[in-house]
Amino acid sequence: MWMLHSAKMLPAFLLLFFTGTSSRLSEAMSRDEKNKLRNQVLEMFDHAYQNYMDHAYPADELMPLTCRGRVRGLEPSRGDVDDALGKFSLTLIDTLDTLALLNKTTEFESAVRRVVTDVRLDNDIVVSVFETNIRVLGGLLGGHSMAVMFKESGQMLWYQDELLHMAKDLGLRLLPAFNTSSGLPYPRVNLRFGVRGPETRTGTETDTCTACAGTIILEFAALSRFTGDPTFEAHARRALDFLWEKRQRNSNLVGTTINIHSGEWVRRDSGVGAGIDSYYEYLMKAYILLGDDQFLQRFNTHYASIMKYISQPPLLLDVHIHKPLLPARTWMDSLLAFFPGLQVLKGDIRPAIETHEMLYQVTKKHNFLPEAFTTDFRVHWAQHPLRPEFAESTYFLYKATRDPYYLEVGRTILENLNRFARVPCGFAAMKDVRTGSHEDRMDSFFLAEMFKYLFLLFAEEDLPFNVEDYIFTTEAHLLPLSLSTASNSQAPTLVNNMAGEELDDSNFEWTCPNTRLLFPDPAFPRNLREPIRSAVDKSCPRPTTHRDPGMGRPPLRAQDFMANNPEHLELLRRMGVSLIHLKDGRVQLVQHATQAVSAVAAEDGLRFMQEMMELSSQQQKEQLPPRAVQIVSHPFFGRVVLTAGPAQFGMDLSKSSSGVRGFVTVAEPYNGCSVLSNGEIVAGRIALLQRGQCMFAEKARHIQKAGAIGGIVIDDNEGSSSDTAPLFQMAGDGRNTDDVTLPLLFLFHKEGNILLEALKEYREVEVLLSDKARDRESIFKGKALPATLLDGSVDGAEEEDCSTEEKEHTSPASSDPVDQSQVTVQEQTTDDSVVRQDSVQPVEGLGSYVPVDVGEEPAVDGDHSSQSVDSLMADWEEDLEAFKQMEKEEL
């Protein structure tokens, strides 16, 4: 075992940890193959970065589907996600040290000059303290570290710590957020005015997430040690001290959300995913960077509890901090994919291998990790914003084991990004991993993190500097380990808040395993992976649930529940669930876990409540999944996929193996509410129609009569988007619609405008209407594949769709099931505080789950029917130019 006694030994410690591997492990991937994959990473990075610089800079982020920058205030609000945007060229700052690591020294120097010259940090805008710290402050400090390194090697001699000066300026702008009685920061701050109450749209919040308050120490301590000003590190330490004091003393776990004034836990569920994740990460990494033993002691205490209560290999399931044997939910979020990498740093390799393998198998089922997935590995939230955490853990496991298996995992990540996320203007987030539809976003962390970890995975020793001399922040920014010996005489030391507590000294062994001893048999990691692979492969049927010993039968499921069934009511009572009939006819459910007849029954009751919330929201949305409109003609070649709403009538695309493919044309009249005047043009094509003025089925009949092979209805509500609105399902007209045999899909205005702009520029645009996006090779089957798609377009076997939608259950006519849209759910926690939940809400920090409402066509007044196609196109061109001008003025 390698022993660590001093912070001064840290660089050597990390080096020994990562290089002490078994020489018996065969090198299954040749050096030439690794170099080829490394070069592919570089090409993909160039594609993403150059499109940001060409189409988005100086905006914060690139919108890769519309090839323009995302400017806050000019795009429809996305809620909390937009708090990361501060009009400070976020993506460029976040990418600085990636440029350096990828040995793009010319581009790095140019980017530093741009940041120093162009970026302003005094904007009158409210931003997230957490996101601004890890992305912008971390990016500036990582860029400064790289610039200093290059200067010491004789390059960038002009550099005079400009990035560090900007970092201190930004740090000072974040400090007002820490002006609370607890020391926990407000979640948001105004960059110009700080925290001054409602007039600055700040200072009114009472809650923050644990990770938001506990992921400050690396950046603030680095800023203090770079500048010699202890103020920043002191504030970060105080916040960590307070969180440690507020841990649940019996379980040694922390909750997800805390009141920044009182210190009371607002959400008492505890896990290693969204809301808590990087708090644990920063305790461990603060010890590595700063050499303070107390950080390691705190991490080890938490880690022991995580492994005791939360870890159920290969799963990591949230629990209640006061009753840690009681699960808090039946699904996991994708942010926990970082945890195997943290376990590698801890030296706990076996559970890291097991959890990583589970994540890999879920990835292979859905091409990407869904934002959330159930314990039987079905899709819970279908988005994937190109998160890098799984690639991060893959890199750390490869470094620790040198098992070539993880190189193949990295290859899979690369291929999926190229096949499913790559678009002409960058890489687009996945709106739905089941259909392959895209979202018009490319977050800055994609450039900051994803390409770092993938490059390091394949780069061998061909690096511009030794990465073992640095530690990665949660945003993968590089901070030098030499900061552990920097002057810290004025910064306060941690108060020993563990005095008098009985602690297991075995938790505090500062060791990491010699992997020669851990992996004497090259087959050992493979033997750990095989059972997990088999378990996930068989996972689509739900696993057998726990039985209540007192009942001798499976617990009641939400989809089977009937409010007038006495037996079901008795089952609810045993699970601690009360049923209340409201005056408006709805039924309300309240759970008192303490009133259940047993701990197993209480767990069944919790599961029932969660299923009921999900089912309630599902019955208020469409029963059909979203469809896809895939642009397959030049220059898109299948790279652009638009999320489309289905119709309750017409051809069912889910039963078509090939979908419907054809060129699009605009119907005349555009609303499709009368016989088409351009029927000879529409014949054999897919007609584009505008929503409004008649029923959807009537539009479908008119274009079908003209000989169209399909139709796409585009929303007339300008600015509407599947990013911000529930997906729409088109209802029939109340009559028999069996005569409609063509497929009809619905696009919101934003997605429809992408298609119309493509038609305007390229005249002939071919699309594929299908239930899910098709692989490009299958699209061009029997045709010459375009040369630009030949690289990395090898097909894989199509995976079974394991989404959360359950098959419809029929019940006897004598006992009707409850209409779940008339059910509201309340969960009563153990301290009798009631939380009202009318629908399933996403975890903070994750993309929201998109419900799908069934709607009928409204009657819309207006003169759209009299507008010609030419005038419509002219209007769109005028609007686009006006938007571009507004964008310039704003920037």
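Each value, and the rule that gives it
- Residues numbered from 1 in each chain as written.
- Predicted model: local features only at pLDDT ≥ 70, side-chain atom pairs only at ≥ 80, totals over all residues.
- Heavy atoms only, no water.
- Helix = DSSP H or I, 4+ residues; strand = E, 2+ residues; numbered from the N terminus.
- Buried < 20%, exposed > 50% of the residue type's maximum accessible area, 1.4 Å probe, protein only.
- Contact = heavy atoms within 4.5 Å.
- Areas by Shrake-Rupley, 256 points an atom, 1.4 Å probe, with all protein chains shown as cover.
- Axes fitted to C-alpha atoms, helices over the stretch in contact; angles between N-to-C directions.
- Parallel < 35°, antiparallel > 145°, perpendicular 65-115°, else oblique.
- Left-handed = near helix turned anticlockwise from the far one by under 90°.
- Expected span 1.5 Å × (residues − 1).
- Arc of directions from axis to C-beta.
- Disulfide = S-S within 2.5 Å.
- Core = buried A, V, L, I, M, F, W, Y, C linked by side-chain atoms within 4.5 Å.
- Pairing = 2+ DSSP bridges.
- Salt bridge = Lys/Arg side-chain N within 4 Å of Asp/Glu carboxyl O.
- Phe/Tyr/Trp six-rings, centres within 6.5 Å; stacked < 30°, edge-to-face > 60°.
- Lys NZ or Arg CZ within 6 Å of the ring centre and 35° of its normal.
- Nonpolar A, V, L, I, M, F, W, Y, C, P; charged D, E, K, R; others polar.
- pLDDT = per-residue confidence, 0-100.
- Polar contact = N/O pair within 3.5 Å; in protein donor to acceptor, adjacent residues only side chain to side chain.

Scanning the chain from N- to C-terminus turns up 25 helices and 35 strands. Looking at the chain residue by residue over its 891 residues, the buried ones come to 62%. Across the chain, the fraction of contacts at a sequence separation of at least 24, relative to all contacts at a separation of at least 6, is 73%. Here the chain has roughly 33900 Å² of accessible surface; of this, 49% comes from carbon and sulfur atoms.

Time to look at the packing of helix 8 (residues 217-227) against helix 9 (residues 231-245). Packing of helix 8 against helix 9 leaves a shortest axis separation of 7 Å and a crossing angle of 155°. As far as their axial angle goes, helix 9 and helix 8 are roughly antiparallel. Crossing of helix 8 against helix 9: the hand is left-handed. Of the residues in helix 9, those in contact with Ile217, Phe220, Ala221, Leu223, Ser224 and Arg225 of helix 8 are Thr231, Phe232, Glu233, Ala236, Arg237 and Leu240.

Moving on: helix 4 (residues 105-118). Under the 1.5 Å per step criterion, the end-to-end length of helix 4 is 20 Å for 14 residues, consistent within 8% with the ideal 20 Å. The complete set of buried residues in helix 4 reads Phe108, Ala111, Val112 and Val115. End-on view of helix 4: buried residues confined to an arc of 100°, all on one side of the axis. Exposed residues on helix 4 whose side chains face more than 90 degrees from its buried face are Thr106 and Thr117. On its buried side, helix 4 packs onto helix 2 (31-55), helix 3 (90-101), helix 5 (129-152) and helix 6 (162-174).

Another point: the state of the cysteines. Under the counting rule described, the total for this entry stands at three disulfides. Put simply, Cys673 and Cys694 are joined by a disulfide, and their sulfur atoms are 2.1 Å apart. An S-S torsion of about -85° defines the bridge between Cys673 and Cys694 as left-handed. One end of the pair, Cys673, is in the loop between strand 27 (660-666) and helix 21 (679-682); the other, Cys694, is in the loop between strand 28 (686-690) and helix 22 (696-705), and 21 residues separate them in sequence. For the pair Cys673 and Cys694, one class covers both residues: buried.

Here we come to the nonpolar core. Judged by nonpolar contacts, the single largest core of 171 residues is most densely connected at Phe108, Met358, Leu417 and Phe427. For this core, the element with the most residues is helix 5, which contributes 11 residues. Ala644, Ile686, Leu688 and Leu747 belong to the second-largest nonpolar core, a separate cluster that totals 28 residues.

For the rest of this paragraph, the subject is the environment of Asn736. With respect to the helices and strands, the residue Asn736 is situated in the loop between strand 30 (727-730) and strand 31 (744-747). For the pair formed by Asn736 and Phe649, sequence separation is 87 residues and the distance between their alpha carbons is 9.2 Å.

Our next topic: the pairing of strand 32 (residues 766-770). Counted residue by residue, strand 32 has five buried out of five residues, so it is predominantly covered. Here strand 25 (residues 627-631) pairs with strand 32 via four bridges, running antiparallel. When the bridges of strand 32 are listed, Ile631 appears paired with Val767. By the bridge criterion, four bridges tie strand 27 to strand 32 in an arrangement that is antiparallel. Looking at the pairing, Val660 lines up with Leu769 of strand 32.

Our next topic: the sheet that holds strand 6 (residues 207-209). Spatial ordering of the open sheet is given by 6-7-8, a layout of three strands whose pairing is antiparallel. Looking at strand neighbours, the two that pair on one side only are strand 6 and strand 8 (265-267), the edges of this open sheet. Neighbour-to-neighbour, the strand axes of the sheet open up by a mean angle of 35°, direction not taken into account. Sheet topology places strand 6 next to strand 7 (residues 257-259); three bridges connect them, and they run antiparallel. The partner of Thr208 across the bridge, within strand 7, is Ile258.

Right, let's talk about the pattern of salt bridges for a bit. This structure, assessed with the given rule, holds 42 salt bridges. The closest approach of N and O atoms between Glu109 and Arg113, which form a salt bridge, is 3.6 Å. Of this pair, Glu109 and Arg113 both sit in helix 4, four residues apart, roughly one helical turn. On the basis of relative accessibility, which here comes to 41%, the residue Arg113 falls in the partly exposed class.

Further remarks concern the sheet that holds strand 25. One open sheet holds the seven strands; their spatial order is 26-25-32-27-28-29-31, and the pairing between them is mixed. The sheet is open, and its two edges are formed by strand 26 (640-644) and strand 31, each paired on a single side. Taking each pair of neighbouring strands and ignoring which way they run, the sheet shows an average axis angle of 35°.

What follows concerns the packing of aromatic side chains. For the structure on display, the rule yields 28 aromatic pairs. Chaining the aromatic ring pairs together yields one cluster made of Phe45, Tyr49, Phe427, Phe446 and Phe451. Across the ring face of Trp244, the terminal group of Arg247 is positioned such that the distance to the ring centre comes to 3.8 Å. Taking the ring centre of Tyr405 as reference, the NZ or CZ of Arg529 above it sits at 3.6 Å.

So, on to the packing of helix 12 (residues 339-346) against helix 14 (residues 389-401). As a packed pair, helix 12 and helix 14 sit with axes 7 Å apart at the nearest point and diverge in direction by 30°. Classified by the angle their axes make, helix 12 and helix 14 are roughly parallel. Crossing handedness for the pair helix 12 and helix 14: left-handed. Listed contacts from helix 14 to Phe339, Pro340, Gly341, Val344 and Leu345 of helix 12 are Ser393, Phe396, Leu397 and Ala400. Of the residues that constitute the contact of helix 12 with helix 14, the class distribution is seven nonpolar, two polar and no charged.

What follows is about helix 8. The buried fraction of helix 8 is high, at nine of 11 residues. When we look at burial in helix 8, the residues that qualify are Ile217, Leu218, Glu219, Phe220, Ala221, Ala222, Leu223, Ser224 and Arg225. The positive-phi residue at the C-terminal boundary of helix 8 is Gly228, with phi of around 85°.

This part takes up unusual backbone geometry. Each neighbour pair has its own omega, and for Tyr57 with Pro58 the value is 10°, a cis peptide bond. Take Pro58: it is sitting in the loop between helix 2 and strand 2 (61-63). Going from Glu668 to Pro669, the amide bond is cis rather than trans, its omega being 0°. Positive phi outside glycine occurs at Arg763, with the angle close to 65°.

The share of residues in the chain with pLDDT of 70 or more is 75%, and the mean pLDDT across the chain is 81. Predicted confidence is poor over residues 489-517, with pLDDT under 50, and the contacts of this stretch with residues over four places away or in other chains come to 64 contacts. The low-confidence segment residues 788-869, where pLDDT is below 50, has 205 contacts with residues more than four positions distant or belonging to other chains.

On to the side chain of Asp771. Examined against the element boundaries, Asp771 turns out to sit in the loop between strand 32 and helix 24 (776-779). Classification of Asp771 by relative accessible area gives buried; the value is 19%. Polar side-chain contacts of Asp771 include one of 3.1 Å to the side chain of Arg774. Setting aside its immediate chain neighbours within four residues, Asp771 contacts Thr435, Pro626, Arg627, Ala628, Leu653 and Ser654.

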